[in-house]
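The primary structure of each chain is shown beneath.
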Amino acid sequence: MTEHVAVVGAGVFGAWTAHHLLQAGHAVTLIDAVGPAHNQASSGGESRLTRGAYGSDEIYTRMAMDSLPQWRALSAEAGLPLFHPCGVLFFFPGEESYLRDTLEVHRDLGLPSEVLSRSEMAARFPMFDFSEIEIGVFEPRFGALMARRAVQTLVERFVRAGGGYVQGLVETPGPAGARLAQVRLSSGEPISADRFVFALGPWLPRLFPDVVGSRIRVTRQEVFYFAPPAGDRSFEPAAMPCWADFNHGDMFYGCPDLEGRGVKFAHDRHGPEADPDTQDRRPSDAALNEIIAFRGRRFPGLLGAVLTAAEVCQYENSSNGDFLIDFHPRLDNVLLLGGGSGHGFKHGPEVGRYAAARLTGSITPEPRFSLATKGKTHHREVH
Ligand SMILES: Cc1cc2nc3c(=O)[nH]c(=O)nc-3n(C[C@H](O)[C@H](O)[C@H](O)COP(=O)(O)OP(=O)(O)OC[C@H]3O[C@@H](n4cnc5c(N)ncnc54)[C@H](O)[C@@H]3O)c2cc1C
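In this text the structure is predicted, and so the values were computed from the model without any measurement. (Residues numbered from 1 in each chain as written. Predicted model: local features only at pLDDT ≥ 70, side-chain atom pairs only at ≥ 80, totals over all residues. Heavy atoms only, no water.)

1. Overview of the packing of aromatic side chains
So, point 1. In the structure shown here, the tally under the stated rule is 30 aromatic pairs.
So, point 2. Ring geometry for F91 against W243: centres 6.4 Å apart, planes inclined by 20°, an arrangement best described as stacked. Of this pair, F91 sits in strand β5 (residues 88-92) while W243 sits in strand β14 (residues 242-245); the two residues are 152 residues apart in sequence, bridging distant segments of the chain.
So, point 3. For F91, a relative accessible area of 0% corresponds to the buried category.
So, point 4. Judged by its relative accessible area of 0%, W243 is buried.
So, point 5. Through a chain of ring-to-ring contacts, the aromatic side chains of F91, F125, F128, F130, F138, F226, W243, F252, F265, F294 and F299 assemble into a single cluster.
So, point 6. Geometry around Y54 places R51 over its ring, the cationic atom sitting 4.2 Å from the centre.
So, point 7. Here the guanidinium or amino end of R295 rests over the ring plane of F226, the centre of that ring lying 4.5 Å away. (Phe/Tyr/Trp six-rings, centres within 6.5 Å; stacked < 30°, edge-to-face > 60°. Helix = DSSP H or I, 4+ residues; strand = E, 2+ residues; numbered from the N terminus. Buried < 20%, exposed > 50% of the residue type's maximum accessible area, 1.4 Å probe, protein only. Lys NZ or Arg CZ within 6 Å of the ring centre and 35° of its normal.)

2. Let's talk about the packing of helix α2 (residues 58-76) against helix α8 (residues 348-359)
So, point 1. Where α2 contacts α8, the axes come no closer than 7 Å and their chain directions differ by 100°. When the axes of α2 and α8 are compared, the pair comes out roughly perpendicular. Seen from α2, the contacting residues are M63, D66, S67, Q70 and W71; seen from α8, they are G348, P349, E350 and V351. (Axes fitted to C-alpha atoms, helices over the stretch in contact; angles between N-to-C directions. Parallel < 35°, antiparallel > 145°, perpendicular 65-115°, else oblique. Contact = heavy atoms within 4.5 Å.)

3. Section: the pattern of salt bridges
So, point 1. Evaluation of the coordinates by the stated rule reveals 23 salt bridges.
So, point 2. The closest approach of N and O atoms between D57 and R368, which form a salt bridge, is 2.9 Å. Here D57 is found in the loop between β3 (48-50) and α2, whereas its partner R368 is found in the segment after α8, with 311 residues between them in sequence.
So, point 3. Overall, D57 belongs to the buried group, its relative accessible area being 12%.
So, point 4. Given the relative accessible area of 26%, R368 is considered partly exposed.
So, point 5. One continuous salt-bridge network, built from bridges that share partners, spans E46, R148 and R261. (Salt bridge = Lys/Arg side-chain N within 4 Å of Asp/Glu carboxyl O.)

4. Section: the site of the ligand
So, point 1. Surveying the vicinity of the ligand reveals 34 residues, the closest of which are D32, H38, S43, L49 and C313.
So, point 2. In the model, a nitrogen atom of the ligand is placed 3.1 Å from a nitrogen or oxygen of the A33 main chain.
So, point 3. Interatomic distance of 2.9 Å between a backbone N/O atom of V170 and a nitrogen atom of the ligand.
So, point 4. Contributing elements (two or more residues each) for the shell around the ligand: α1 (12-23), β3 and β17 (307-317).
So, point 5. The element contributing the most residues to the shell around the ligand is β17, with 4 residues.
So, point 6. Class assignment for the residues of the shell around the ligand results in 18 nonpolar, 12 polar and 4 charged. (Near = heavy atom within 4 Å. Polar contact = N/O pair within 3.5 Å; in protein donor to acceptor, adjacent residues only side chain to side chain. Nonpolar A, V, L, I, M, F, W, Y, C, P; charged D, E, K, R; others polar.)

Shown next as structure tokens:
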């Protein structure tokens, strides 16, 4: 049965959900306060890694794997690349359980990966200094997604395919019965629909303080880009993969010099709590100095490299890193979608497919995405 669905939030989760609902034959209106993957949204960064390494969390390896062809298809029809298949290298000081579990899941799913010794990594990727590293896993199929461009391309395609896009700030839905009939924009304009999806990223707790509230904790994250030495092509994606230094779970990660935008570095540790509207978007000296110290250890060829850009963003963390994709406990036509927890972007296509199917009741609910499993005490388990 064709229904009218309003999807609020045009980040990666909302955009892919709107796409899948439209493909399933529904009339879909996508609404965003500012625009798809805007500067303050979590999807608004330049690039995001996609990888299959998730330790024993097979569910996320599978989702990343199943999302990849959808990203590739979108990229193939876009004017500029959305996906750079430069591979991803995870490396470890020793044979940790995360590595063993990752390899087991890859084997079970038939996902190609190469286990490399330190000397093999050093020969193949000489731009890294692998001191204190023993082993790595290289995933040749994965790489970097051009995040902002990808979401904007997807929304443009959604509109071309007949989807509706409205720019406006949706106000907190007032007290309702068992169903929500309409939302209201701050301009006063009402938007009615049969069903609603709220994919609000770090703003989800704000619209649903009683239901979501502290179940999603928003933290400040900083990303830095450095210019490689002039004429040195070893930091380009043809030579250098995306990477993550597992560092006993306190991960640093980054991307090669994608499209000349600089070599990317970030620390995956949760920063202080942040408000997505008011947090100071100037990079901090503390975070920059930490990255420069790390860079000095791992990338001697970037010694003294000039900082060319920085992004201050936020993670919207669920209590353990699992996504939230579940119905509002009192409004049975409202799906809450979020908790990307610093690793959600790559899964956008499959999150959208699952959310669309969940909304229409055509999929068995995954307990890990339920509201009931989202605690208020935060202890990250998904890496
Ligand atoms: C620094 C950083 C690095 C990351 N690295 C990776 C990575 O390498 N790989 C990976 O897979 N993931 C990564 N992530 C995580 C990933 O980017 C997020 O999980 C994902 O982008 C979340 O998307 P979203 O659609 O839930 O939220 P958002 O992109 O924030 O979208 C929410 C949208 O809702 C809209 N909205 C909110 N309130 C309202 C309202 N009241 N009315 C109308 N619209 C509203 C906002 O304007 C916004 O556009 C990273 C995140 C950060 C911050």
